[in-house]
Each structure stands twice: as C-alpha cells, then as structure tokens.
Amino acid sequence: MANINDVAERAKVSITTVSHVINQTRYVSDDLTERVRKAMEELDYHPNSLARGLRSGKTKTIGLVIPDISNQFFAEISRKIEDKGYENGYSVILCNTDDDPYKEKSYIDVLLAKKVEGIIFISAGVESNHLEKTIKFNIPIVVVDRDIKENDYDIVLVDNSVGGFDATKYLIELGHQRIACIAGPSPITPSAQRVAGYKQALQEAGIPIDTNLIIPGDFHYESGDKAMRALLALPQPPTAVFACNDMMALGAFRAVNNQGMKIPEDISVIGFDNIPFSQTVYPTLTTMAQPIHEMADLVVDLLVDKIKLHRQRARTNERELNYKRIVLETKLIKRNSCRAI
Ligand code: RIB
C-alpha cells in the first residue's frame, strides 16, 4: 500500500508539500497541487484521517447519544442530525443506549477515546453525572430533548408542560370529562412535564383529577397496550386518552382493537411527537408535534459553533460561562383518532 513517501517521490515534491496539499495548511501552487493529487490517484493513496485528526485535534467527528433507535422520534432526529453534521463536514458516531445508564456511560468513554470533537446527547434517564467527564476533558456537548440534573449544558427541547396542557385541552373542548393519561417513565423530564400539563388543563376546566386514570408507561409500544387494557378494565373507563408519546398511543390502539372496540367511536386517543407512523396508522393519530427537524438543525448549529469556540479557547484555556436553553413549541396536529363526545 502506497504511503506519503511514495506520493512525494512520484510527484517529485517534498513530503512537506504533500502534507500541505492534504491538510491545506499552507498555500501550494496549482501546478504542484495537481502533481500531488495525480500521484495520489495513480498510487491509490488515502491519507490516514484518524492519525491526521489525532495530530491536529480535528477528527471532524461528533458523537450522537440516543436512548432508543427503534422509536421513530429518535430515528428521525438522528437522521436529521446526521444530514446536518455531514453538511458541516462532520461524521457522526451513533450510540444507542437502550435507555441503559450504564451503556450510556460506556459510550461516553468510547466517544472520548475516539477523540470526537463534540457530543449531542439525549439522556437515557435522569442521572447523567458521567457527563462530568466531558467537562473534565473539556469536550463541547449539547443536550437535546431531555433536561438533565446538572444544568450547565446548552439544551434544545420543547415546552413539554404546555404540550401536555394543549393535548388535554383539545379533548376537553371535544366534550370529554373522563380523560386518562398514559405517562412516560416518570423520572425522565419530558414525561413528568407532560403529565403536569395534563393535570393543569383538567384543573383549569374544573374537572377533578382521578389518579386511577393516570397509568405509568415507559415510552415503548407494549406499555401503551398494557396501560390501555388497564384503563378499559376500570368500572368507569375513560372516553379519551392522552398518551405522552406516539409509540404508547399506537400500543393503546392495539388494546382497543383487541377489545373489539373502535377509535374514535368508542374512545379518543391523542399522542405526542408526530412520528411518521402517526400518519400511516388507521385511524391516523391526532398528536402534539415536536419540531424534530428544527431541533436537529439547532443542535448541530449550536455544537459546530461550540467546537469553533472551543478551538479558540484552547489557545487561551478560557472556560465556557454562558449556556443556551432553547425551548421550542409543540403544535396540535388534528387527525382522525379523536371525536367530540
Ligand atoms: O417518544 C420518545 C419520547 O422520548 C419523546 O416524546 C421524546 O420527547 C423523548 O424524550
């Protein structure tokens, strides 16, 4: 396999010139540049980008840590982040933690070992104190979607309590009084805030909160099915259900269908996220849309800026002091899974 010496010999230039052409670290005349590129092509020479990156500290790689790639919310945001990262010249290393904090910790170690220039992070749970390492190693990091206890990170997320409030208010405006909520995993912030919005909407409408109508789920499909079965088994079942994410809403659909009942004729269901499945399921799912693509664009722009600033600070060893918290709005998408009572 050809090396940089072979290229220099073939192009009749110095190794330094070849290096400057590859790394664009100094002006090289068009003629010499052409000779070097031609020699690289003829010798099928590919510079070792990892070695180059480790030397320059510019691996042009970012890490993306997400909890559950099987959930279209994370698949969609990952795809958009990868697109935007690629547009900015970065490769993205995807780390799927399966909601497991231990796996999350080991992936942080992997990303640090691979010298990523920055990390985009969606927490598996609440405890993310192993993120401290990224501070210690001074790696730029942007958090998405899920608040974490420490608040000294830039973060992009939606106003989850307003989203939960709007979803529930919509059902109330359709005339529903017995409205249930299938909650997400309580320690994870988006879920707790959505349930708070649900309760506030009931309180403002003068509807008493019946804790039997609040069933915990785990953001996965099966938990939505199980929660809906429990709700339908109540002496007084609900006439409408707010599921704190679309995957659980789709699981609830299965429970209703298995009982020989119909949505929305027998029960209305509203979700949260607006994943692609929500438009293809029958009936189509009414849901609170998160601006997934806008979130992805914002986090990549934030991280790329932080990486640039980080390089400047590296020379002055200055620490970052101010962090951004960008809160976006959800939007009610009316489809066919809810009806007036
Ligand atoms: O569907 C997965 C949920 O977890 C989404 O609502 C998203 O907000 C994430 O936190």
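Undergrad: How do you make sense of the overall build of the protein chain when you look at a structure like this?
TA: Along its length, the protein chain carries 13 helices and twelve strands. On C-alpha atoms alone, the protein chain measures out to a radius of gyration of 25 Å, which is more than a quarter above the 20 Å that the 2.2 N^0.38 rule sets for 341 residues. Seen along its three principal axes, the alpha-carbon backbone of the protein chain occupies a region of about 85 × 40 × 30 Å. Looking at the protein chain residue by residue over its 341 residues, the buried ones come to 50%. For the protein chain, the proportion of contacts with a sequence separation of at least 24, taken over those separated by at least 6, is 72%. Here the protein chain has roughly 16,700 Å² of accessible surface; of this, 51% comes from carbon and sulfur atoms. Where the 41 positive side-chain charges of the protein chain centre and where its 45 negative ones centre are 4 Å apart.

Undergrad: What exactly am I supposed to notice about the nonpolar core here?
TA: What tends to happen in soluble globular proteins is that the nonpolar side chains get buried as a cluster. Grouped together as the largest cluster of nonpolar side chains are 72 residues, with contacts concentrated most on Ile77, Ile120, Met228 and Phe242. Among the elements that line this core, the one with the most residues is helix 13 (residues 292-316), at nine residues. Mapped onto the domain boundaries, this core takes at least three residues apiece from domain 2 (60-158 + 292-328) and domain 3 (160-289). Excluding its chain neighbours within four sequence positions, the residues that come into contact with Ile77 are Ile122, Val144, Ile292, Met295 and Ala296. Listed in part, the 15 residues of the second largest apolar core include Leu112, Phe121, Ile141 and Tyr153.

Undergrad: Would you explain the environment of Asn160 in this entry?
TA: The topology assignment puts Asn160 in helix 8 (residues 160-173). Taking the relative accessible area as the measure of exposure, Asn160 reaches 1% and is therefore buried. Expressed as a C-alpha distance, the spacing of Asn160 and Glu329, which sit 169 residues apart in the sequence, is 8.3 Å. Among residues more than four places away in sequence, those in contact with Asn160 are Asp145, Pro190, Gln193, Arg194 and Phe272. Polar side-chain contacts of Asn160 include one of 3.4 Å to the side chain of Gln193.

Undergrad: Explain the pairing of strand 4 (residues 141-144) to me, please; I cannot follow it from the model alone.
TA: Side-chain direction in a regular strand flips from residue to residue, so the side chains alternate between the two faces of the sheet. Neither face of strand 4 is left uncovered, since the one carrying Ile141 and Val143 and the one carrying Val142 and Val144 both have all their residues buried. One ladder, built from three bridges, connects strand 3 (residues 118-121) with strand 4; its direction is parallel. The residue of strand 4 that forms the bridge with Ile119 is Ile141. Relative to strand 5 (residues 154-158), strand 4 runs parallel, the two being bridged by three bridges.

Undergrad: So what exactly am I meant to see when it comes to the site of the ligand here?
TA: Looking at the ligand, the residues that line it are Asn71, Phe73, Phe74, Asp145, Arg146, Pro190, Arg194, Phe219, Asn245, Asp273 and Gln290. Note that an oxygen atom of the ligand is positioned 2.8 Å from one of the side-chain N or O atoms of Asn71. A distance of 2.7 Å separates an oxygen atom of the ligand from a polar side-chain atom of Arg194. Starting from 270 Å² of accessible surface for the ligand in isolation, the protein chains cover 100%. Elements with a minimum of two residues in the shell around the ligand: helix 5 (72-87) and helix 9 (189-204). Looking at the shell around the ligand, its residues break down into four nonpolar, three polar and four charged.

Undergrad: Is there a simple way to explain the domain arrangement of the protein chain in this structure?
TA: Interface extent is often summarised as the accessible area lost during association of the parts. According to the domain assignment, the protein chain consists of domain 1 (4-47), domain 2 (60-158 + 292-328) and domain 3 (160-289). Look at where the C-alpha atoms of domain 2 and domain 3 centre, and you get two points 30 Å apart. The interface is formed by 15 residues belonging to domain 2 together with 16 residues belonging to domain 3. Contact between domain 2 and domain 3 buries roughly 1,200 Å² in total, counting both sides, with carbon and sulfur atoms accounting for 53%. At the junction of domain 2 with domain 3, the criterion picks out zero salt bridges. Linking domain 2 to domain 3 there are four residue pairs in polar contact (both at pLDDT 80 or more). Here the side of domain 2 that touches domain 3 takes three residues from helix 5, the largest share from any one element.

Scoring rules and cut-offs
Residues numbered from 1 in each chain as written. Predicted model: local features only at pLDDT ≥ 70, side-chain atom pairs only at ≥ 80, totals over all residues. Heavy atoms only, no water. Helix = DSSP H or I, 4+ residues; strand = E, 2+ residues; numbered from the N terminus. Rg over C-alpha atoms; globule rule 2.2 N^0.38 Å. Buried < 20%, exposed > 50% of the residue type's maximum accessible area, 1.4 Å probe, protein only. Contact = heavy atoms within 4.5 Å. Areas by Shrake-Rupley, 256 points an atom, 1.4 Å probe, with all protein chains shown as cover. Lys, Arg positive; Asp, Glu negative; His and termini not counted. Charge placed at Lys NZ, Arg CZ, Asp CG, Glu CD. Core = buried A, V, L, I, M, F, W, Y, C linked by side-chain atoms within 4.5 Å. Domains from an automatic or database assignment. Polar contact = N/O pair within 3.5 Å; in protein donor to acceptor, adjacent residues only side chain to side chain. Pairing = 2+ DSSP bridges. Near = heavy atom within 4 Å. Nonpolar A, V, L, I, M, F, W, Y, C, P; charged D, E, K, R; others polar. Buried area = accessible area lost by both parts, 1.4 Å probe. Salt bridge = Lys/Arg side-chain N within 4 Å of Asp/Glu carboxyl O.

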